[in-house]
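What follows is each chain in one-letter form.
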Amino acid sequence: MDLESVRTFVAATEAGQFQQAAAELGVTQQAVSKRIAALERNLGVRLFTRTARGAELTIDGQAFLPHARELLRAAERAVASVRPGHRPLRVDVIASRGAPSGLMREFHRAHPEIDLDVVMLFDIETAVAAIRSGAIDASFRAVAVPGRPLPEDIESVRVLDEALQLLTGPAHALAGARSVCLAQLAGHRIWMPGIVPGTEWAAYYADAVAEFGLTIEATGPNFGSDALLDTIADTPALATFMGEQTRLVWPAGHGLRRIPVTDPTPVYPHSLLWHRDNPHPALTALRAHLAAATAGRGAAGTWAPGWVLPR
C-alpha cells in the first residue's frame, strides 16, 4: 500500500476538500484525486462521496480512517528508529570481561545520555560483515590479520595496547616472581584453550611463539574462564596469559598469581573498527572519547606483531 496515498486520504479527510488538501500537501488537486482513486482501487471500496460542501467519508472510509492514521504513525516510528542519533549505538566488545568491555563502561560513565547496545560477536570476519551490513556500528578487534586486509570501506584506529600478564597457580615454578622476562617463559607450558585457528588472537599468539620460542597449547575443549582458572590453580605445570585489564574473580583458595611480563612486555592491540559512511553521532563521540582516554598509552619496551595496525 502506497503511504503517500494513505497520507493524502487522511489530509483530505481532515481538510474536507480535495482542493484544500492539495494546498496543504503542496500538490495539485488533480494529484490528490489520482492518489485517492488509486487507493480506492487498491482497497476495492469507495472512500469518499462528493457533495456540494466538498468530500465526505463513506462508511468504508470511516472504517479505514483510524487504521490509516495508525499506518502513518507506524511509518513515522519506523523512520525515527533508524534516524542517526535516535537509536542506540551498537558496539561489539568480543567478551564481557575483556578490556573493550571496560572501555565501553568508561564511555557510558562519561556519556550516560547516549543509549548503547553492546553485543559480543566471535571472529573478525563476522564483525566486519556486521559493520558493513549495518547490524552493528563498531567493533573492537586486533587488526589486521596477515593476508586478510580490511575492506576499503572499513576504517580502524588503534585505541589500546593491553599488557599481557602471566597467570599461574600457587605451586607453579614462577609463582613467586614479582615479574618475568618474556625469554624466561621459553620451556614453560602456557595453556590457552580459547585459541581458535583463523582468529586474530590465534595469529597474534602464533607470532609470539615464532619470535620468542614459547610453548602455547590450545588442547582440550574451552569450558570458559572459570574452568580455565580451576585448571591453572590445580596444575603446577601450566600457566596462561591474561590481559592486564581482563576482569576476573576466583575463589580465595585458588591462590592464583598475576605476574607482569617484561623485556619486552607483550601487548595485545585493541583497535576500533567502523564503516566510513556511518553517520551515527554517538560513533563520533565514542571515537573522541577513546582518543582522549588512551592518549599516551603504548610505550617503548613493548611487543606486538609487525602486522598490527600502527599506533
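The structure contained in this document is the topic of the report that follows. As the structure is a prediction and not an experimental result, all values here were calculated from the model.

**Considering the overall build of the protein chain**
From N to C terminus, the protein chain includes nine helices and 13 strands. Whereas a compact globule of 311 residues would reach a radius of gyration of roughly 19 Å, the protein chain reaches 30 Å, over 25% beyond that. Expressed along its principal axes, the backbone C-alpha trace of the protein chain runs to roughly 100 × 35 × 35 Å. Each of the 311 residues in the protein chain was classed as buried or not, and the buried ones make up 43%. Considering only residue pairs separated by 6 or more positions, the protein chain has 74% of its internal contacts joining residues 24 or more positions apart. Of the roughly 15,600 Å² of accessible surface on the protein chain, 54% is carried by carbon and sulfur atoms. Looking at the protein chain, you have 29 positive and 32 negative side-chain charges, and the mean spots of the two groups are 5 Å apart.

**Section: the pattern of salt bridges**
Per the counting criterion, the structure on display carries 13 salt bridges. Between Glu-70 and Arg-73 there is a salt bridge whose closest N-O contact spans 3.1 Å. Placement of both Glu-70 and Arg-73 in helix α4 (residues 59-82) is noted, with a separation of three residues, approximately one turn of the helix. Note that Arg-90 is salt-bridged to Asp-117, the shortest N-O span being 2.4 Å. Residue Arg-90 is found in strand β3 (residues 89-92), and its partner Asp-117 is found in strand β4 (residues 116-119); the two are separated by 27 residues along the sequence. Several salt bridges share partner residues, and in doing so they unite Glu-4, Arg-7 and Arg-35 into one network.

**Looking at helix α1 (residues 3-15)**
Across its 13 residues, α1 extends 18 Å between first and last C-alpha, which sits within 8% of the 18 Å expected from 1.5 Å per residue. Ser-5, Val-6, Thr-8, Phe-9, Val-10, Ala-11, Ala-12, Thr-13 and Ala-15 are the residues of α1 that are buried. Just past α1, the residue Gly-16 takes up positive phi, approximately 80°.

**Section: the nonpolar core**
Counting 27 residues, the largest nonpolar core has Leu-166, Leu-185, Tyr-205, Leu-214, Ile-216 and Phe-241 as its most contacted members. If you list the elements that add at least two residues to this core, you get β6 (154-168), α7 (200-212), β10 (238-243) and β11 (257-262). With sequence-adjacent residues up to four places away left out, Tyr-205 is seen in contact with Leu-164, Met-192, Ile-195, Ile-216 and Phe-241. Judged by nonpolar contacts, the second largest core, of 19 residues, contains Ala-11, Ala-22, Leu-39 and Leu-47.

**Structural notes on helix α6 (residues 124-133)**
Considered for burial, the residues of α6 that qualify are Ile-124, Ala-127, Val-128, Ala-130 and Ile-131. Down the axis of α6, the buried side of the element spans an arc of 160°, and every buried residue falls inside it. In this fold, the buried residues of α6 make contact with β3, β5 (138-141), β6, α7 and β12 (265-275). Downstream of α6 by one or two residues, Gly-134 has phi in the positive range, about 90°.

**What to know about the packing of helix α2 (residues 18-25) against helix α3 (residues 29-43)**
Between α2 and α3, the least distance of the axes is 8 Å, while the angle of their chain directions is 105°. When the axis of α2 is compared with that of α3, the two are roughly perpendicular. From α2, Phe-18, Gln-19, Ala-21, Ala-22 and Leu-25 reach across to α3, where they touch Gln-29, Val-32, Ser-33, Arg-35 and Ile-36. Considered class by class, the residues forming the contact of α2 with α3 number six nonpolar, three polar and one charged.

**Some remarks on the packing of aromatic side chains**
In the structure shown here, the tally under the stated rule is nine aromatic pairs. Relative to Phe-64, the ring of Phe-9 lies with its centre 5.2 Å away and its plane at 50°, an arrangement referred to as tilted. Note that Phe-9 is positioned in helix α1 and Phe-64 in helix α4, a separation of 55 residues in sequence. For the pair Phe-9 and Phe-64, a shared accessibility class is recorded, and that class is buried. Taken together, Tyr-204, Tyr-205, Phe-212, Phe-241, Tyr-268 and Trp-303 form an aromatic cluster joined through their ring pairs.

**Here we look at the packing of α1 against α2**
α2 packs onto α1 with a crossing angle of 125° between their chain directions and a minimal axis gap of 8 Å. Here α2 runs oblique to α1, going by the angle between their axes. Pair α1 / α2 crosses with right-handed handedness. Residue-level contacts link Thr-8, Ala-11, Ala-12 and Ala-15 of α1 to Phe-18, Gln-20, Ala-21, Glu-24 and Leu-25 of α2.

Scoring rules and cut-offs
- All residue numbers refer to position in the chain's written sequence, counted from 1.
- In keeping with the model being predicted, local features are shown solely for residues with a pLDDT of at least 70 and side-chain atom pairs are shown and tallied solely at 80 or more, while totals for entire chains, interfaces and linings include all residues.
- Where side-chain values are given, they derive from all heavy atoms of the structure, hydrogens and water being excluded.
- Helix and strand definitions here come from DSSP, where helices need a minimum of 4 consecutive H or I residues and strands a minimum of 2 consecutive E residues; each element is numbered from the N-terminal end.
- What the globule rule says is 2.2 Å times the number of residues to the power 0.38, and the radius of gyration is computed from C-alpha atoms.
- Partly exposed describes any residue whose relative accessible area lies between the buried limit of under 20% and the exposed limit of over 50%, with all areas from a 1.4 Å probe on protein chains only and scaled to the type maximum.
- Residue contacts follow a heavy-atom distance rule, with two residues in contact if any of their heavy atoms lie within 4.5 Å.
- Throughout, the Shrake-Rupley method with a 1.4 Å probe supplies accessible areas, and for residues the shown protein chains are the sole cover considered.
- In this charge count, Lys and Arg are treated as positive and Asp and Glu as negative; neither His nor the chain ends contribute.
- For the purpose of locating charges, the reference atoms are NZ of Lys, CZ of Arg, CG of Asp and CD of Glu.
- Whenever a carboxyl oxygen of Asp or Glu lies within 4 Å of a side-chain nitrogen of Lys or Arg, that contact is scored as a salt bridge.
- The span one expects for a helix is its residue count, reduced by one, times 1.5 Å.
- We call a set of buried residues a nonpolar core when its members are Ala, Val, Leu, Ile, Met, Phe, Trp, Tyr or Cys and they connect through side-chain atoms within 4.5 Å of each other.
- Directions pointing from the helix axis toward each C-beta atom define the arc.
- Lines fitted to C-alpha atoms define the axes, with helix axes restricted to the stretch in contact, and inter-axis angles between N-to-C directions lie between 0 and 180 degrees.
- By definition in this entry, angles of less than 35 degrees are roughly parallel, angles greater than 145 are roughly antiparallel, angles of 65 to 115 are roughly perpendicular, and the rest are oblique.
- Each residue is assigned to one of three groups, with Ala, Val, Leu, Ile, Met, Phe, Trp, Tyr, Cys and Pro labelled nonpolar, Asp, Glu, Lys and Arg labelled charged, and all others, Gly among them, labelled polar.
- The rule is short: rings of Phe, Tyr and Trp, with Trp giving its six-membered ring, pair when the centres are within 6.5 Å, and they are stacked under 30 degrees, edge-to-face over 60, tilted in between.
- By the definition used in this description, the sense in which the near helix is turned from the far one sets the handedness, with an anticlockwise turn below a right angle giving left-handed and a clockwise turn giving right-handed.

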